[in-house]
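Chains, contacts and geometry: an overview
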Amino acid sequence: MSNDDPRDLAHTTREHPGESIEDSRNWPGLILVALGMAALGLTLSAAGYGFAGWAWIGAAVCAACLVLGSGLVVAEHRRVKKLDNAGLTVQVGH
(Lines give C-alpha, C1' and ligand atoms only; values in the text may rest on other atoms or scores of the structure.)
Protein backbone atom coordinates (compact mmCIF):
# COMPACT_ATOMS: atom_id res chain seq x y z
CA MET A 1 0.00 0.00 0.00
CA SER A 2 1.50 3.34 -1.02
CA ASN A 3 1.32 6.71 0.73
CA ASP A 4 -1.33 7.81 -1.80
CA ASP A 5 -3.70 5.03 -0.73
CA PRO A 6 -6.15 6.40 1.90
CA ARG A 7 -7.55 2.97 2.78
CA ASP A 8 -6.89 1.70 6.31
CA LEU A 9 -7.28 -2.01 5.75
CA ALA A 10 -5.40 -2.96 8.93
CA HIS A 11 -7.83 -1.26 11.33
CA THR A 12 -11.28 -1.68 9.80
CA THR A 13 -13.44 -4.21 8.05
CA ARG A 14 -15.03 -1.58 5.81
CA GLU A 15 -13.27 -0.26 2.74
CA HIS A 16 -13.55 3.52 3.19
CA PRO A 17 -14.86 4.63 6.59
CA GLY A 18 -14.81 8.42 6.82
CA GLU A 19 -13.16 8.72 3.42
CA SER A 20 -13.88 12.43 3.09
CA ILE A 21 -12.21 13.29 6.37
CA GLU A 22 -9.51 10.61 6.48
CA ASP A 23 -8.17 11.37 3.00
CA SER A 24 -6.58 14.81 3.15
CA ARG A 25 -6.71 15.08 -0.65
CA ASN A 26 -10.46 15.72 -0.29
CA TRP A 27 -9.99 18.79 1.88
CA PRO A 28 -9.44 21.37 -0.90
CA GLY A 29 -12.64 20.24 -2.60
CA LEU A 30 -14.61 20.28 0.65
CA ILE A 31 -13.26 23.73 1.51
CA LEU A 32 -14.24 25.05 -1.93
CA VAL A 33 -17.75 23.64 -1.55
CA ALA A 34 -18.03 25.33 1.87
CA LEU A 35 -16.79 28.62 0.39
CA GLY A 36 -19.32 28.23 -2.41
CA MET A 37 -22.13 27.84 0.12
CA ALA A 38 -20.92 30.91 2.02
CA ALA A 39 -20.73 32.84 -1.26
CA LEU A 40 -24.30 31.77 -2.02
CA GLY A 41 -25.48 33.29 1.26
CA LEU A 42 -23.56 36.50 0.62
CA THR A 43 -24.87 36.66 -2.95
CA LEU A 44 -28.47 36.29 -1.82
CA SER A 45 -27.94 38.97 0.82
CA ALA A 46 -26.41 41.35 -1.73
CA ALA A 47 -29.26 40.71 -4.16
CA GLY A 48 -31.83 41.21 -1.40
CA TYR A 49 -30.35 44.59 -0.45
CA GLY A 50 -30.24 45.70 -4.08
CA PHE A 51 -26.48 45.55 -4.72
CA ALA A 52 -26.71 44.12 -8.24
CA GLY A 53 -23.00 44.41 -9.00
CA TRP A 54 -21.99 42.50 -5.89
CA ALA A 55 -24.71 39.95 -6.55
CA TRP A 56 -23.26 39.16 -9.98
CA ILE A 57 -19.73 38.93 -8.61
CA GLY A 58 -20.92 36.70 -5.79
CA ALA A 59 -22.85 34.50 -8.19
CA ALA A 60 -19.74 33.97 -10.32
CA VAL A 61 -17.60 33.17 -7.26
CA CYS A 62 -20.30 30.86 -5.89
CA ALA A 63 -20.66 28.94 -9.15
CA ALA A 64 -16.89 28.63 -9.61
CA CYS A 65 -16.32 27.37 -6.06
CA LEU A 66 -19.18 24.88 -6.18
CA VAL A 67 -18.25 23.46 -9.60
CA LEU A 68 -14.52 23.28 -8.89
CA GLY A 69 -15.01 21.90 -5.36
CA SER A 70 -17.48 19.25 -6.50
CA GLY A 71 -15.17 18.30 -9.35
CA LEU A 72 -12.23 17.85 -6.98
CA VAL A 73 -14.26 15.69 -4.59
CA VAL A 74 -15.56 13.49 -7.41
CA ALA A 75 -12.09 13.21 -8.95
CA GLU A 76 -10.60 12.07 -5.64
CA HIS A 77 -13.46 9.64 -5.08
CA ARG A 78 -12.82 8.18 -8.54
CA ARG A 79 -9.12 7.84 -7.72
CA VAL A 80 -9.90 5.91 -4.54
CA LYS A 81 -12.43 3.72 -6.35
CA LYS A 82 -9.85 3.04 -9.06
CA LEU A 83 -7.51 1.70 -6.36
CA ASP A 84 -10.26 -0.83 -5.58
CA ASN A 85 -10.85 -1.58 -9.28
CA ALA A 86 -14.46 -0.43 -8.84
CA GLY A 87 -16.64 2.19 -10.51
CA LEU A 88 -18.28 5.19 -8.82
CA THR A 89 -21.60 3.39 -8.52
CA VAL A 90 -20.20 0.32 -6.76
CA GLN A 91 -21.12 0.72 -3.08
CA VAL A 92 -19.27 -2.23 -1.53
CA GLY A 93 -17.96 -1.26 1.88
CA HIS A 94 -20.05 1.89 2.23
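Calculation criteria
Residues numbered from 1 in each chain as written. Predicted model: local features only at pLDDT ≥ 70, side-chain atom pairs only at ≥ 80, totals over all residues. Heavy atoms only, no water. Helix = DSSP H or I, 4+ residues; strand = E, 2+ residues; numbered from the N terminus. Expected span 1.5 Å × (residues − 1). Buried < 20%, exposed > 50% of the residue type's maximum accessible area, 1.4 Å probe, protein only. Salt bridge = Lys/Arg side-chain N within 4 Å of Asp/Glu carboxyl O. Arc of directions from axis to C-beta.

Taking 1.5 Å of rise per residue, 32 residues should cover 46 Å, and helix 3 (residues 52-83) covers 47 Å from first to last C-alpha, within 8% of that figure. Within helix 3 the residues assigned to the buried category are Ala55, Gly58, Cys62, Cys65, Gly69, Glu76, Val80 and Lys81. Following helix 3 by one or two positions, Asn85 has its phi on the positive side, about 55 degrees.

The tally for this structure, following the rule as stated, stands at one salt bridge. For the salt bridge of Glu76 with Arg79, the shortest nitrogen-to-oxygen distance reads 2.8 Å. Here the residue Glu76 and the residue Arg79 both occupy positions in helix 3, the gap between them amounting to three residues, near one helical turn. On the accessibility criterion, Glu76 (7% relative accessible area) is buried. Here Arg79 falls in the partly exposed class, since its relative accessible area comes to 22%.

For helix 2 (residues 27-48), built from 22 residues, the straight-helix expectation of 32 Å at 1.5 Å per residue is met to within 8% by its first-to-last C-alpha distance of 31 Å. Gly29, Leu32, Gly36, Ala39, Thr43 and Ala46 are the residues of helix 2 that are buried. Projected down its long axis, helix 2 carries its buried residues within an arc of 90 degrees, all on one side. Structural note: helix 2 exposes Ile31, Leu42, Leu44 and Gly48 on the side pointing more than 90 degrees away from its buried face.

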